[in-house]
Amino acid sequence: MRIKAILHYLGLIIAIIGVSMIIPLLWSLFLKESPAVSAFAISMALAIVIGMILWRFIKVKEKNISRREAVTLVAVGWISISLFGALPYTLCGAMPNFLDAFFEAVSGFTTTGATVFTNIDIQYKGLLIWRSLTQWLGGMGIIMLFVALLPLLGIGAARLAEAEWTGGKQDERLTSRMRDTAKVLWAIYMVMTILEFILLKIAGLSNFDSTMVTLSTIPSGGFAAYNLSIAAYNSLLVEGIVLFFMIATGVNFGLYYFLLWKKQPGKLFKNPEFKFYLLLLFGAALLINLDLIINMGASIGEAIRYGSFNTAAIMTTTGFCTADFNTWPPLSKAILLFLMVTGASAGSTSGALKVVRVLVLAKYAYRQIKNAFNPSAVIPLKLGGNIVPEGIVNKTVGMAIIYFSVAVTGFLIMSGLGLDTVTALSAIVSTLGNVGPGLGAVGPLENYASIPALGKGVLIFCMIAGRLEFFTILILFLPTFWRWK
Amino acid sequence: MYIIIAGGGIIGSHIASLLVQEGHEVTVLEQSETALKNLQGQLDIKTIRGNSATPKTLKEAEIERADLVLAVTNNDETNMITCFMAKEMGAVTTAARIRNVDYSGYFVAPSKTPNSPRKIVRPKSLGIDVFINPELEAATEIMEILSGFYSTPVENFANGLVQIREFKIESESLVGKKLTSLTLPQPSMIVAVIHQGEIIEPEKDFVLSEGDSLHIAVPAYNMDELGKIFIQKKRTAKRVVIFGGSRVGVLTASELQKRGVKVKIIEQDPIRCDELAAQLENVDILQGDGTDRTFLTEQGVSSADAFVATSENEEINILSALLAKTLDVPRVMVVVNKPGYIPLAEAIGIDVAAVPTILAANKIIRFVLRGGVISASLIEAQKLEAIEFVTGAQAVIANKKVTESGFPKETKVVAIVHNETIFIPPEDKIIKPGDHVVIVTPPESVQTIEKLFK
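Residues numbered from 1 in each chain as written. Chains lettered and ligands numbered in written order. Predicted model: local features only at pLDDT ≥ 70, side-chain atom pairs only at ≥ 80, totals over all residues.

Enquirer: Please clarify how the overall build of chain A should be interpreted in this entry.
Expert: Counting secondary structure elements, chain A contains 22 helices and two strands. In terms of C-alpha radius of gyration, chain A reaches 22 Å, essentially the compact-globule figure of 23 Å for 485 residues. C-alpha atoms of chain A, sized along the principal axes, occupy 65 × 55 × 50 Å. Residue burial in chain A is summarised as follows: out of 485 residues, 53% are buried. Intrachain contacts of chain A at a sequence separation of at least 6 include 71% that bridge at least 24 residues. (Helix = DSSP H or I, 4+ residues; strand = E, 2+ residues; numbered from the N terminus. Rg over C-alpha atoms; globule rule 2.2 N^0.38 Å. Buried ≥ 20, exposed ≤ 12 C-beta atoms within 10 Å, placed from the backbone. Contact = placed C-beta atoms within 7 Å.)

Here's what the structure looks like:
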């Protein structure tokens, strides 16, 4: 493994983050928020200078990178961008403690949306824009952007994209070259962003609010501009628009490519994951609505409005909220916790295990049961009529085991730090799935400020591991990965 | 261009990697899961699993927008049907790897009634535009090497006026000499220097060492003079031993035999031996192990002028060639399929006579991608490409000096042929419309350069 090659490309990734700070910088400049302006100027200069030094002065002969280098670059890249992304929070004085700032930055880039701000309403607007922008950059993937921008990477591009992309390796490439695929995905992402922004403007939100909500919805992030999240707007229309886009971003983006570019709607509507995703979403929403009506005495209108919105917000791992579901009946809370584990579709901007994996796991379990009474039966695992290769089945089972192992370990540590069971469990599940709000002390109207420092460290790990789907980050902890250089 | 390659074996993946480097959009169709996995690990391309001859697979590959379909599976019939289907479904150009020479001719079908005209059946009417027969190309190449005194084939440009050939540093008088101190016949130009298997940009005091090789461009009339610097005179082969009764071996043997050369074929498989004996006249067929030293000595290999290892198993080819070399056969050559084996063979001093995969890629480059009018060939597997362009009247670079025409910086302009007058290297000549220009370039820049000549 060539450390030089990794530093070379890392420089460019850091520089991209530096350049993107121009947006909050200008915003703060416009609003004359001087501490924020200087914070962004310094962070931006640091990121660009350090990035360009790495990029220009560490030269590599062979431009292409190996799988090992790709995995390391993605993991190190995500940690570095979070470090640089955390600078403005500390420098402007909003978060004197760098660990808090790092938590907030990781939460942003991984599109978790868990915050340590105790009062969002009083923060600099520029800083809030940066906070949401980090989600937008991390949603489609900073490495994906890097692949789309940088030509001449060849097979290295595919290796990088695979190490970052959610849902594992795509069984079907959209285009021949990974670079074109990255461009297509970013294009779809951009179109959705612009569309939501325009619709929110029409619904009457200000430029600032539309930007904030859009940058948070499309990447399934969840950072809001106000303590009350989306409830602050108290507008049914805004909630409807956000709900639509939340559901839309929970769909595999590749399917939109077939729908819009290739005019093959069948790929979308006959996709087993898409169908199961909608089924699960509507099923969960229906159950919660009924639960709210029967056990909490909510009116039908209220139940549909708040029940559906928050269900979708949790399942797509966006983490917006319009109601305090901490006060909901136990069944609703349990369903929400379950949805935090499943997440939405693979290849979408949502986090967690993904619906397709839940499907594969369920079929795998069913097969094991069948095989228990007839061991000689050969049963292929099928999804939508196509056989799922055993390699992918194994990887899915493996990932589920890792997911639950990490969750249990995290839960034990958090409990050890003195958090109550509900808070400890939901904090871990919520950060692993990049959702944002949990239950109990980290509920929708609460925040993560009260978690002890070690706990924040654990949650930071959970967020990155969840976003990169474990393997990419866990490989770095394997001694054998480093031994054979 | 959007190019679909049917078959992801050695040839398919080699061509795919070349085309990707040139910046084309490539999709590979392949049936075997393992082959697909290998491809995905090596190349940034789209792959589809399935039988390339079926409309379902072709449809999935969006055949209707394909500019070129290359059918290079190891089955002739699959390739033919793939091309037929592809053409029917809208592909622009098709090329098929057809190893059975019987398929590439034309046939006259008997008329049904005495009065009706006889029907001529041409494979072209099956939708195949270009036939690629790597084995036949390999045999031709071997023949060319055996009949001359060079150990490497020549590449012709501008109707044969300009030639490029690879010379290996073998003779001891050259080892340890500075590159700059070589007195080459003028005009000439060294287009590439290969040192330890890599193309390098030689520094001023670069010293030649054994195993290096130089690709040199000269006018055709100077080639023999140039050759004398690098190669000791070798006698033309009168007795040749061929190891391996593969297609290449058989084609070479029958051609050699026609030219009055005494040929022995060594083949291990007794059944194949019977087939060979039935097929070839006046050729000795010997059944035995080509890596058995005693057997080779017994069959008089040490008194042969040349030993060519052409069996299907390239590892054994290299082994048996090495063995023949220790038996003092003056010229020992191997045929390998995996381009990765070329440096291996060269490292132990065996000439690689032909690499069918590269020959196939060459042919595709020459006849399919570049329209067949001009020449093109690959240097050192595929790291460099030598291409001839004809300057169009409206070309961007017409009537400009070479130095000012905006070629990419890694590109070398090797020769300009203006009305049969050859300029090597052209330095600051002005490129006129109608001039033939020979360029050596990494594949990445080919598309940029093509635009300059349009």
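Now that the structure has been shown, we can carry on.
Enquirer: Explain the nonpolar core here, please?
Expert: Across soluble globular proteins, nonpolar side chains show a tendency to be buried alongside one another. Grouped together as the largest cluster of nonpolar side chains are 243 residues, with contacts concentrated most on I15(B), L70(B), V240(B) and F307(B). For this core, the element with the highest residue contribution is helix α4 (residues 67–91) of chain A, accounting for eleven residues. (Core = buried A, V, L, I, M, F, W, Y, C linked by C-beta atoms within 7 Å.)

Enquirer: How should the packing of helix α18 (residues 390–416) of chain A against helix α20 (residues 453–467) of chain A be read in this particular structure?
Expert: Two measures define how a pair of helices packs: the angle their axes make with one another and the distance between the axes. Residue and element names in this part refer to chain A. Running from amino to carboxyl end, α18 crosses α20 at an angle of 165°, the nearest separation of the two axes being 10 Å. Looking at the two axes, α18 sits roughly antiparallel to α20. Regarding α18 and α20, the two cross each other, and that crossing is left-handed. Of the residues in α20, those touching α18 at V406, G410, I413 and M414 are G455, V458, C462 and A465. In the contact of α18 with α20, the residues fall into six nonpolar, two polar and no charged. (Axes fitted to C-alpha atoms, helices over the stretch in contact; angles between N-to-C directions. Parallel < 35°, antiparallel > 145°, perpendicular 65-115°, else oblique. Left-handed = near helix turned anticlockwise from the far one by under 90°. Nonpolar A, V, L, I, M, F, W, Y, C, P; charged D, E, K, R; others polar.)

Enquirer: Any chance you could explain helix α17 (residues 355–373) of chain A here in plain terms?
Expert: The periodicity of an α-helix, 3.6 residues per turn, causes residues three or four places apart in sequence to face the same way. Residues and elements named next belong to chain A. Here α17 spans 28 Å end to end across 19 residues, near enough to the 27 Å set by a 1.5 Å rise per residue. For α17, the full list of buried residues reads V355, V356, R357, V358, L359 and V360. Each element contacted by the buried residues of α17 is listed here: α14 (272–296), α16 (330–342), β1 (382–383) and α18. (Expected span 1.5 Å × (residues − 1).)

Enquirer: Explain the sheet that holds strand β13 (residues 213–219) of chain B to me, please; I cannot follow it from the model alone.
Expert: The strands making up a sheet associate through backbone hydrogen bonding, with each pair oriented either parallel or antiparallel. All names here are of chain B. Overall, antiparallel pairing links the five strands, which are arranged β9-β10-β13-β11-β12 in an open sheet. Two strands bound the open sheet, and with one partner strand each, they are β9 (154–157) and β12 (198–200). Direction aside, the axes of adjacent strands within the sheet are offset by 25° on average. Where β9 lies against strand β10 (residues 162–168), four bridges are found, and the strand directions are antiparallel. If you follow E155 over to β10, its bridge partner there is I164. (Pairing = 2+ DSSP bridges.)

Enquirer: Help me out: how do you make sense of the pairing of strand β23 (residues 412–418) of chain B in this one?
Expert: Along any regular strand the residues' side chains alternate between the sheet's two faces. All names here are of chain B. Of all seven residues that make up β23, five are buried, and the element is covered over most of its length. Of the pairings in the sheet, the one linking β23 to strand β26 (residues 436–441) comprises five bridges and is antiparallel in character. Residue pairing across strands places V413 opposite I439, the latter belonging to β26. Strand direction decides the pairing type here: β23 and strand β24 (residues 421–423), joined by three bridges, are antiparallel. Paired with H418 across the strands is T421, a residue of β24. Counted along the chain from β23 to the antiparallel partner β24, the turn is two residues long, and its residue N419 has a positive phi close to 45°.

Enquirer: Quick question: what am I supposed to make of the pairing of β10(B) here?
Expert: All names here are of chain B. Among the seven residues that make up β10, six are buried, leaving the element largely enclosed by the rest of the structure. Connecting β9 to the antiparallel partner β10 that follows it, the hairpin turn spans four residues, and A158 within it adopts a positive phi of roughly 50°. Where β10 lies against β13, seven bridges are found, and the strand directions are antiparallel. Within β13, the position partnered with Q163 by the bridge is V218.

Enquirer: Could you clarify how one ought to interpret unusual backbone geometry in this entry?
Expert: Glycine aside, a negative phi is what most residues show, and trans is what most peptide bonds show. Positive phi outside glycine occurs at T111(A), with the angle close to 60°. Take T111(A): it is sitting in the loop between α5 (98–109) and α6 (125–140). Given 34 C-beta atoms within 10 Å, T111(A) falls into the buried group. For N282(B), which is not glycine, the phi torsion reads 55° and is therefore positive. Structurally, N282(B) can be placed in the loop between α8 (270–279) and β16 (284–287).

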